[in-house]
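Observations on chain architecture
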Amino acid sequence: MASLDASPPINRWMKDTLVRDAFHKELTVLAARVPPAKTGSMLKAKAMKAAIIDLPKIKSVVPDPANPQGDRLLLLRVANEADLAPEAQDYLKAESAEFTTYKLELDYDYWGADDILHSILPEELCEGSPSGFAMTGHLAHMNLNADYLPYKHIIGQVVMDKNKKIKTVVNKLDSIHTTFRFFKMELIAGEPDYIVQHHESDCRFTFDFTEVYWNSRLHTEHDRLVTLFKPEDVVADVFAGVGPFAVPAAKKGCAVFANDLNPNSAKYLAQNVEDNKVASNVRVTCEDGRDYIKAVVLRSLDDPFPGYAGPRLSSRDQQRQRRRAAESGTTSQLPPDATAPSTPPRARISHFVMNLPDSAITFLDAFRGILAPSSLSGKDVSEVYDIMPMVHCHCFTRELDVDKAEADIRQRVEAQLGHTLGEETLFHLVRSVAPNKEMYCISFRLPHEVAFSTK
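Residues numbered from 1 in each chain as written. Predicted model: local features only at pLDDT ≥ 70, side-chain atom pairs only at ≥ 80, totals over all residues. Heavy atoms only, no water.

Glancing now at the pairing of strand β9 (residues 195-200). Of the two faces of β9, only the one carrying Val196, His198 and Glu200 is buried; Ile195, Gln197 and His199 on the other face are not. Summarising the sheet, β9 and strand β10 (residues 203-208) pair through 6 bridges and their orientation is antiparallel. If you follow His199 over to β10, its bridge partner there is Arg204. If you look at the hairpin formed by β9 and β10, you'll find 2 residues sitting between the two strands, and Ser201 has a positive phi there, around 55 degrees. (Buried < 20%, exposed > 50% of the residue type's maximum accessible area, 1.4 Å probe, protein only. Helix = DSSP H or I, 4+ residues; strand = E, 2+ residues; numbered from the N terminus. Pairing = 2+ DSSP bridges.)

Below, the structure written as structure tokens:
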């Protein structure tokens, strides 16, 4: 806009309370009065391209207040006729358009969150104003720097006002629960309702955001890892949380041993397993990760999951197939869910998932000897584990160069395993957590010498 200032009024006096009525602005713009039949062609005219008003949420053609059923007003992006480009003036004159003025009333609802905050915050804080947030269900969580804390309640209210699905806004505090790794937080706007329902990967997750760990920014990573699993695989999720890997994997057909040390995580994990109708594919435990790694192999051998029976059919499709089977007098057409699995029980764990980036690497020593007969009540599993499991371990590194980051992670992993990694080792950059902190996932085939070690 060359000469129209559509920014909100400056209200830097606000600090503790948001006064919405203080955001009001009246703009007088130049308008051309034209017959309704001509508005379409005038909007497309080359001479008018740079002359027509171009403000968000503002229509370029409006009824004439003096005659609502008659001519239309074509709103222009200037306040005075003298400011209009010569080619636009000539065009409108040739069309016998009559000039008039039109008043635009802008209020709090017109402007976005960034606009409102820029008019409230001190000028030195406007650059990088904290209107960004992560949304989980009805809850928005923010990470406010210390400079913005005096304005936290106004910031939270603006974020909630401009995002109608949000009912609760919290700010994460620096302190982290040292055992269960969830963030402490404070309410800065809205209702103190922390039990959320979040939809991801075609699954529904319910949990108390103040009691468990959840990061909506890891959605892509959840999907990426699950796509690596085959439906017939058995997955051991060591730090399962409320199920962002376990539930989608089970829905795919995988058998999943899902574990978390946090009792609240395990509680909501069990609920999410039930809510997503994958209880037959998931077994939930609440144990220390190191103990779990040492115990889960024997559990899978002693009480294996049933064999994979094929894609799960909807209730309607199952009824349709049963009807066809009854009509034909045979059970061969019954859906997989209604028949005994044709494949043997699933005793071999194919994947271990270790999504605890702050410390997962330190748990890798637990893999030493997990397949040795001494760890499995004397059982020889060399034939069952003819293929070693893949381990997917999330971790942090301070190295920003890719080669240095991979070297750093490899060295730490090999130190815990007590053995070098093989060629089947992959590194995936998940995301940048901070200016000097990267999150990676290292996926490697568990070395045979480590798994069968007797030392």
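All right, on to the domain arrangement of the protein chain then. Domains assigned within the protein chain are domain 1 (25-106), domain 2 (113-200) and domain 3 (217-304 + 343-452). Taking only C-alpha atoms, the centre of domain 2 and the centre of domain 3 are 32 Å apart. (Domains from an automatic or database assignment.)

With that out of the way, let us pick up the sheet that holds strand β13 (residues 282-285). One open sheet accounts for 7 strands, arranged β13-β12-β11-β14-β15-β17-β16; its pairing is mixed. Every other strand in the sheet has two partners, leaving β13 and β16 (425-434) as the edge strands with one partner each. Strand-to-strand twist in this sheet, taken as the mean axis angle between neighbours without regard to direction, amounts to 15 degrees. Note: strand β11 (residues 234-237) against strand β14 (residues 351-354), 3 bridges, orientation parallel. Bridged to Ala236 within β14 is Phe352. Packed onto the sheet, helix α8 (residues 263-275) meets β12 (255-259) and β13 and runs at close to 165 degrees relative to β13. Packing against the sheet, helix α9 (residues 289-302) makes contact with β11, β12, β13 and β14, and its axis sits at approximately 150 degrees to β12. (Axes fitted to C-alpha atoms, helices over the stretch in contact; angles between N-to-C directions. Contact = heavy atoms within 4.5 Å.)

Quick look at helix α11 (residues 402-417) now. The terminal C-alpha atoms of α11 lie 22 Å apart, and with 16 residues this matches the ideal 22 Å at 1.5 Å per residue to within 8%. Against β15 (390-397), β16, β17 (437-445) and α12 (448-451) lie the buried residues of α11. Gly418 sits one or two positions beyond α11 and adopts a positive phi of about 75 degrees. (Expected span 1.5 Å × (residues − 1).)

This next bit is on the packing of aromatic side chains. For the structure on display, the rule yields 8 aromatic pairs. Ring centres of Phe23 and Tyr108 lie 5.8 Å apart, and the angle between their planes is 55 degrees; on these two criteria the pair is classed as tilted. In this pair, Phe23 is assigned in the segment before β1 (24-34) and Tyr108 in the loop between β4 (98-107) and α3 (113-120), connecting sequence segments 85 residues apart. The pair Phe23 / Tyr108 is uniform in exposure class, with both members buried. Connected via pairs of aromatic rings, a cluster forms that spans Phe205, Phe207, Phe209 and Trp214. Above the plane of the ring of Tyr110 lies Lys57, whose end atom (NZ or CZ) is 5.8 Å from the centre. (Phe/Tyr/Trp six-rings, centres within 6.5 Å; stacked < 30°, edge-to-face > 60°. Lys NZ or Arg CZ within 6 Å of the ring centre and 35° of its normal.)

One broad trend across soluble globular proteins is that nonpolar side chains are buried collectively. Within the largest apolar cluster, 46 residues are counted, with the highest numbers of intra-cluster contacts made by Val297, Phe352, Met354, Leu364 and Phe367. The element that contributes the greatest number of residues to this core is α9, accounting for 6 residues. By size, the runner-up hydrophobic cluster in this structure holds 41 residues, among which are Met14, Ala31, Trp111 and Leu144. (Core = buried A, V, L, I, M, F, W, Y, C linked by side-chain atoms within 4.5 Å.)

It is possible for side chains bearing opposite charge to pair when their charged atoms get close. Tallying each qualifying case throughout the model produces 16 salt bridges. The partner of Asp302 in a salt bridge is Lys379, with the nearest N and O atoms 3.1 Å apart. With a gap of 77 residues between them, Asp302 in helix α9 and Lys379 in the loop between β14 and β15 connect regions that are remote in the sequence. By relative accessible area, Asp302 is classed as partly exposed at 49%. Each of Arg33, Asp64 and Glu98 takes part in a single network of salt bridges with overlapping partners. (Salt bridge = Lys/Arg side-chain N within 4 Å of Asp/Glu carboxyl O.)

Attention now goes to the environment of Ala279. Locating Ala279 in the fold gives a position in the loop between α8 and β13. The exposure class assigned to Ala279 is partly exposed, which follows from its relative accessible area of 35%. Along the primary structure Ala279 and Val247 are separated by 32 residues, whereas in three dimensions their C-alpha atoms are 9.4 Å apart. Setting aside anything within four residues of it in sequence, one finds Ala279 in contact with Val273 and Glu274.

Strand order in the open sheet made by the 4 strands is β2-β3-β1-β4, with antiparallel pairing throughout. Lying at the two open borders of the sheet, with one neighbouring strand each, are β2 (61-64) and β4. Each strand of the sheet is rotated relative to its neighbour by a mean of 45 degrees, with strand direction disregarded. Bridge count for β1 against β4 is 10 bridges, and the pairing is antiparallel.

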